[in-house]
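Chain by chain, the residues run as shown.
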Amino acid sequence: MATPLQLFDPQVLKDLVTTKMYFGKYSGTLICDVPVHYLEWLDRKGMPPGKAGMLLSTTLVIKSNGLEDILRDLKRKYGNR
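As the structure is a prediction and not an experimental result, all values here were calculated from the model.

Procedures and definitions
Residues numbered from 1 in each chain as written. Predicted model: local features only at pLDDT ≥ 70, side-chain atom pairs only at ≥ 80, totals over all residues. Heavy atoms only, no water. pLDDT = per-residue confidence, 0-100. Helix = DSSP H or I, 4+ residues; strand = E, 2+ residues; numbered from the N terminus. Core = buried A, V, L, I, M, F, W, Y, C linked by side-chain atoms within 4.5 Å. Buried < 20%, exposed > 50% of the residue type's maximum accessible area, 1.4 Å probe, protein only. Contact = heavy atoms within 4.5 Å.

### Quick notes on the confidence of the model for the protein chain
On average, residues of the protein chain carry a pLDDT of 89, and 89% of them reach 70 or more. Per-element averaging of pLDDT across the protein chain places helix H1 (residues 4–7) at the bottom with 56 and helix H3 (residues 36–45) at the top with 97.

Right, here's the structure in full:
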C-alpha cells in the first residue's frame, strides 16, 4: 500500500507558483498569490472543479497553516513564468 507521500505529485507545488487564476476578482494573479480571505470565501462558496480547485485548496491549506515560506522558495526556484 502506498503512503500519502508516495501518492503526492511534486508537479502540484510547481503549478501553485506558475499557474494564474483564470476567473474572478484575482484573474491573472498567480494562484500562490491569491489572498487567504479570497481562498476562504471560495472554500465557503465551493471551490471550482478540477485542477484549479485542487490548486486553490492546496494554497489555502499551505497559507492557513503558516507555511508561506514554501511558496516563496518555490517562486524563487521556478520563477514567475
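### Describing the nonpolar core
Leu16, Met21, Ile31, Val34, Tyr38 and Leu56 are the most contacted members of the largest nonpolar core, which totals 20 residues. For this core, the secondary structure elements donating two or more residues are helix H2 (11–18), H3, helix H4 (50–64) and helix H5 (68–78). With four residues, the single largest contributor to this core is H4. Aside from chain neighbours lying at most four places away, what touches Leu56 is Met21, Phe23, Ile31, Leu39, Leu42, Met47 and Pro48.

### Brief notes about H2
Buried residues of H2: Val12, Asp15, Leu16 and Val17, and no others. Contacts from the buried residues of H2 go to H4 and H5.

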